[in-house]
Amino acid sequence: MANTNNMSLKTPLCDAHAHLGDDAETRARRAQGVRTALCGTDPESAGAVEAACAREALFTAHYGLHPWKTARFAVREMEPWLAKCRVIGEIGLDSVWCDVPARDQRAAFVRQLDIAREMGKRVLLHTKGCEEEIARLVAERNVPCVVHWYSCAEHLERYLDLDSYFTLGPDIAVNPAVREVARRAPRGRVLFETDGLSAVEWAQGRSVRAQDVGPVLEAALREAAAIRGEAPETLRREAAQAYAALYAQTFAEE
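Per chain, the residues get numbers from 1 upward, laid out in the order the sequence is written. Local features are withheld for residues below a pLDDT of 70 in this predicted model, meaning they are given only at 70 or higher, and side-chain atom pairs are given and counted only at 80 or more; totals for whole chains, interfaces and linings count all residues. With hydrogens and water set aside, each side-chain value is computed from the structure's full complement of heavy atoms.

Points about the overall build of the protein
Numbered from the N terminus, helices here are DSSP runs of H or I no shorter than four residues, and strands are runs of E no shorter than two. Along its length, the protein carries 11 helices and 8 strands. Taken over C-alpha atoms, the radius of gyration comes to 17 Å for the protein, in line with the 18 Å a tight globule of 254 residues would show. Projected onto the principal axes, the alpha-carbon positions of the protein cover approximately 50 × 40 × 35 Å. Counting only residues that meet the buried cut, the protein has 56% of its 254 residues in that class. Total accessible area computed for the protein in this model is approximately 11,200 Å², and 47% of it derives from carbon and sulfur atoms. Computed over 32 positive and 37 negative side-chain charges, the separation of the two mean positions in the protein equals 3 Å. The reference for a compact globule is 2.2 Å times residues^0.38; the radius of gyration itself is calculated from the C-alpha atoms. In this scheme, a residue with accessible area under 20% of its type's maximum is buried, one over 50% is exposed, and one in between is partly exposed, where area comes from a 1.4 Å probe on protein chains only. Working definition of accessibility: Shrake-Rupley area with a 1.4 Å probe, residue cover restricted to the visible protein chains. Counting rule for charge: Lys and Arg are taken as positive, Asp and Glu as negative, and neither His nor the chain ends is counted. Throughout, a charge is located at the NZ atom of Lys, the CZ atom of Arg, the CG atom of Asp or the CD atom of Glu.

Below is the structure:
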């Protein structure tokens, strides 16, 4: 039986949502043993993600036509990729960070929700500025979800009612909305993400190095544990178990 006092040494760090970085970042993730769910956001990036996952056993892939890409690519181009992964995403709607017409985003999102329902798969959601509409569309189709880096001060209850998993982003120390998710998400439904090191730089307003991947995740985990009143080792184990359940991973003790 594992010694729970050393659980943080025996339970891997898991980055539940990231985008493919450069070779230095890949090497750092390997050296630090960071289990990483890499996201392919269009047919072109999906191929690169698949190749990276084939080279690195610590990586697993998920694919979905990102709302930012829905004017350039059709869902039918992504369908072969959607069939390959356990979690479809990131998919959703965005009225804040892109100028892709809402009709293009909505059509692609709804189609991918329907595909996920037909395939019996969970979706990973990008919800920026469209939180209420996305919750309604997901609930109407009864598709299980992972809510990626939820940073809205409203509508969290809708996603809690959907029995969602939640990934906590790297701005947890300063973002009240992310802290509220950390406080209210059910046990066993909390994961951590970097969204890739470029997203960490944006969120934290500082330069980061490839070797900062693990420390960024560790810092977020400790912050969330304090918010939730849990021991960091316990939350780390719960997050790893949630990751394993989502991506059908098994973790051998080191």
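And the narrative resumes.
With respect to a nonpolar patch on the surface
Patch membership needs two things, relative accessible area over 30% and no salt bridge, and members are linked within 9 Å if like-charged or within 5 Å if nonpolar (Val, Leu, Ile, Met, Phe, Trp, Tyr). Salt bridges are identified by distance alone: a Lys or Arg side-chain nitrogen within 4 Å of an Asp or Glu carboxyl oxygen. Nonpolar side chains collect at one region of the surface, where W68, V96, W97 and W202 lie side by side and expose about 470 Å² of accessible area between them. Within the secondary structure, W202 sits in helix 9 (residues 197–204).

Some thoughts on the packing of aromatic side chains
Centre distance within 6.5 Å is the pairing criterion for rings of Phe, Tyr and Trp, where only the six-membered ring of Trp is used; planes under 30 degrees apart are then read as stacked, over 60 as edge-to-face, and the remainder as tilted. Enumeration according to the criterion identifies 5 aromatic pairs in this entry. Judged by centre distance (6.1 Å) and plane angle (70°), the ring pair of W149 and W202 falls under edge-to-face. Within this pair, whereas W149 is found in the loop between strand 6 (145–148) and helix 7 (156–161), its partner W202 is found in helix 9, the two being separated by 53 residues in sequence. In textbook terms, an aromatic cluster arises when at least three aromatic residues are bridged by ring pairs, as seen for W97, W149 and W202. The lysine or arginine in question, K84, covers the ring of W81, its NZ or CZ lying 4.4 Å from the ring centre. Over a ring means this: the NZ of a Lys or the CZ of an Arg is within 6 Å of the ring centre and within 35 degrees of the ring normal. Its end group placed over the ring of Y165, R189 keeps NZ or CZ at 4.2 Å from the ring centre.

Looking at the environment of K10
Its location among the elements puts K10 in helix 1 (residues 7–10). The spatial distance from the C-alpha of K10 to the C-alpha of E233 is 9.7 Å, given a sequence separation of 223 residues.

What about the nonpolar core?
For this analysis, a nonpolar core means a set of buried residues of the types Ala, Val, Leu, Ile, Met, Phe, Trp, Tyr and Cys, connected via side-chain atoms within 4.5 Å. The biggest cluster of nonpolar side chains holds 66 residues, and the ones touching the most others in it are F109, V123, L125, L168 and F192. The dominant element in this core, judged by the number of residues it contributes, is helix 10 (residues 213–228), at 7 residues. We call two residues in contact whenever any of their non-hydrogen atoms come within 4.5 Å of each other. When neighbours within four sequence positions are excluded, F192 is seen to be in contact with C14, D15, A16, H17, L168, L217, A220, L221, A224, L235 and A239. Counting residues in each nonpolar core, the second largest holds 13 residues, with C14, A37, Y165 and Y243 among its members.

Re unusual backbone geometry
Of the consecutive residues G89 and E90, the connecting peptide bond is found in the cis state with omega at 20°. Relative to the elements of secondary structure, E90 occurs in strand 4 (residues 87–92). Positioned with a positive phi, N142 is a non-glycine residue whose angle comes to about 55°. Tracing the chain through its elements places N142 in the loop between helix 6 (131–141) and strand 6. The exposed category is assigned to N142, whose relative accessible area is 68%. One non-glycine residue, D195, lies in positive phi territory at about 65°. Examined against the element boundaries, D195 turns out to sit in the loop between strand 8 (190–192) and helix 9.

Observations concerning the pairing of strand 4
In terms of residue burial, strand 4 counts as a mostly covered element, since 6 of its 6 residues are buried. Here the rule is simple: two strands pair whenever DSSP picks up at least two bridges between them. Of the strand pairs in this sheet, strand 4 and strand 5 (residues 122–126) are connected by 4 bridges, and their pairing is parallel. The residue bridging V87 from the neighbouring strand is R122, located in strand 5. Whether a crossover is right-handed depends on one test, that the path from the first strand over the helix to the second runs clockwise when the strands point away from the viewer. For the crossover that starts at strand 4, traverses helix 5 (residues 102–119) and ends in the parallel strand 5, the hand is right-handed.

Note that all results are geometric; they support no functional claim without further evidence.
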